[in-house]
Amino acid sequence: MAISHRIGANFLGICQGIALTGSAAACGQINISHWDLAHNYLKPGLLLEALHQFAVRFATAVSKNTDPTWRYLPVMVEQFDSAANFDSELLRVEGHIELINDAYRIHCKATPRDNHRAVIAQAIIMVSKVYLPESASDNASPSFLGDLYNVSPLTGDTYSFSFNAHHPLFQEHFPSRAVCPGSLLIDMVLALASCETAENIASVTLEKVKFIEAVYPGNAYLLAIKREAECDSSGVFYIHAETKKRCTCGKFSIKYRKDDAICSIL
């Protein structure tokens, strides 16, 4: 059973469809450069988005969900490990799925298309059905290409941020109700946590990242990063709405390149 998606440079085309290879197994393809703004973002964040898309489509296909007001979305990344430097932007993704109460747990990995043993990224992702009612104001918003989000430092490792509600990304994610992709929240966290040395990242690990409440473009939020030690590359992060309601939280660990060698596998 194949699931097709429109051709063209677009965000939701990073994972280019999947095929069920069994009752609980599937595979697909990843093209990181399929999104025309991919060059502005870290590869671990793009790989997380690719695995998110794979997990969501996998769960949707298995559950046979056809109601557009209910979408399977990532609610937790139990584990994610990703290299940050690799040659190919065309990858193979495969995984298996299990039903956990009313949610699905997807175990998946991304590998080079010509070497399935060289794992570039792997994840365990929980997806659950989320109600997304249509928002008339989102549909009425004009679209223009500007910064996707704006971040302002407050004190220490605390920041305020908001996503650009008029960015064309949100015509895709989603047409009926604009929601900030969890992967781009993680990309922002990694970029800030790496202290302007993001180009030297070798690999990233995430643990128990919970997407508790949706983050909506146009609204203001607070991000707090708490490191295990001063200038440490590991820690936890919390994203809160202005009402102090927690939206997202989790653990991260960043490893840096010691030299100019390319890290191509985990």
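Every value quoted in this text rests on a predicted model; they were computed, and no experiment measured them. (Residues numbered from 1 in each chain as written. Predicted model: local features only at pLDDT ≥ 70, side-chain atom pairs only at ≥ 80, totals over all residues. Heavy atoms only, no water.)

Broken down by element type, the chain carries four helices and 13 strands. Burial statistics for the chain: of 266 residues in total, 48% are counted as buried. Partitioning the contacts of the chain with sequence separation of at least 6, the portion at a separation of at least 24 is 66%. Accessible surface for the chain amounts to roughly 12,800 Å². Of this, 51% is attributable to carbon and sulfur atoms. (Helix = DSSP H or I, 4+ residues; strand = E, 2+ residues; numbered from the N terminus. Buried < 20%, exposed > 50% of the residue type's maximum accessible area, 1.4 Å probe, protein only. Contact = heavy atoms within 4.5 Å. Areas by Shrake-Rupley, 256 points an atom, 1.4 Å probe, with all protein chains shown as cover.)

As for its position among the elements, Ser203 is in strand 10 (residues 201-211). For Ser203, the contacting residues outside a window of four places in its chain are Ser82, Ala83, Ala84, Ser253, Ile254 and Lys255.

Looking at the element boundaries, Pro44 is found in helix 1 (residues 43-63). When the C-alpha atoms of Pro44 and Ile120 are compared, they prove to be 9.5 Å apart, with 76 residues separating the residues in sequence. If sequence neighbours within four positions are ignored, Pro44 has contacts with Phe80, Ser82, Ala83, Ala84, Leu190 and Val204.

Once that is clear, we can look at helix 4 (residues 182-193). End to end, helix 4 covers 16 Å across 12 residues, agreeing with the expected 16 Å (1.5 Å per residue, within 8%). Restricting attention to buried positions, one finds in helix 4 the residues Gly182, Ser183, Leu184, Leu185, Ile186, Asp187, Met188, Val189, Leu190 and Ala193. Positive phi appears at Cys195, one or two residues downstream of helix 4, with a value of about 55°. (Expected span 1.5 Å × (residues − 1).)

Quick look at the confidence of the model for the chain now. For the chain, the mean per-residue pLDDT works out to 87, and 88% of the residues sit at or above 70. Counting contacts from residues 1-9, a segment whose pLDDT is below 50, to residues more than four positions away or on other chains yields 15 contacts. Taken together, the stretch residues 259-265 has pLDDT below 50 and engages in 13 contacts with residues farther than four places along the chain or on a different chain. (pLDDT = per-residue confidence, 0-100.)

Here the focus is the pairing of strand 11 (residues 221-227). Judged by how many residues are buried, strand 11 sits mostly within the fold: five of seven residues are covered. Examined bridge by bridge, strand 11 and strand 12 (residues 234-241) share seven bridges and lie antiparallel to one another. Pairing of Ile225 across the sheet is with Phe237, part of strand 12. (Pairing = 2+ DSSP bridges.)

A few words on helix 1. Here helix 1 is 21 residues long and its end C-alpha atoms lie 30 Å apart, about the 30 Å a rise of 1.5 Å per residue gives. With respect to burial, helix 1 is a largely interior element, 17 of its 21 residues being buried. Downstream of helix 1 by a residue or two, Lys64 has a phi angle that is positive, lying close to 60°.

Here the focus is the pattern of salt bridges. Per the counting criterion, the structure on display carries five salt bridges. The salt bridge partner of Arg105 is Glu98, with a shortest N-O separation of 3.4 Å. By relative accessible area, Glu98 is classed as partly exposed at 29%. Across the pair Arg227 and Asp157 runs a salt bridge, and its minimum N-O distance is 2.8 Å. Of this pair, Arg227 sits in strand 11 while Asp157 sits in the loop between strand 8 (149-153) and strand 9 (158-163), and the two are 70 residues apart along the sequence. By relative accessible area, which is 18% here, Arg227 ends up buried. (Salt bridge = Lys/Arg side-chain N within 4 Å of Asp/Glu carboxyl O.)

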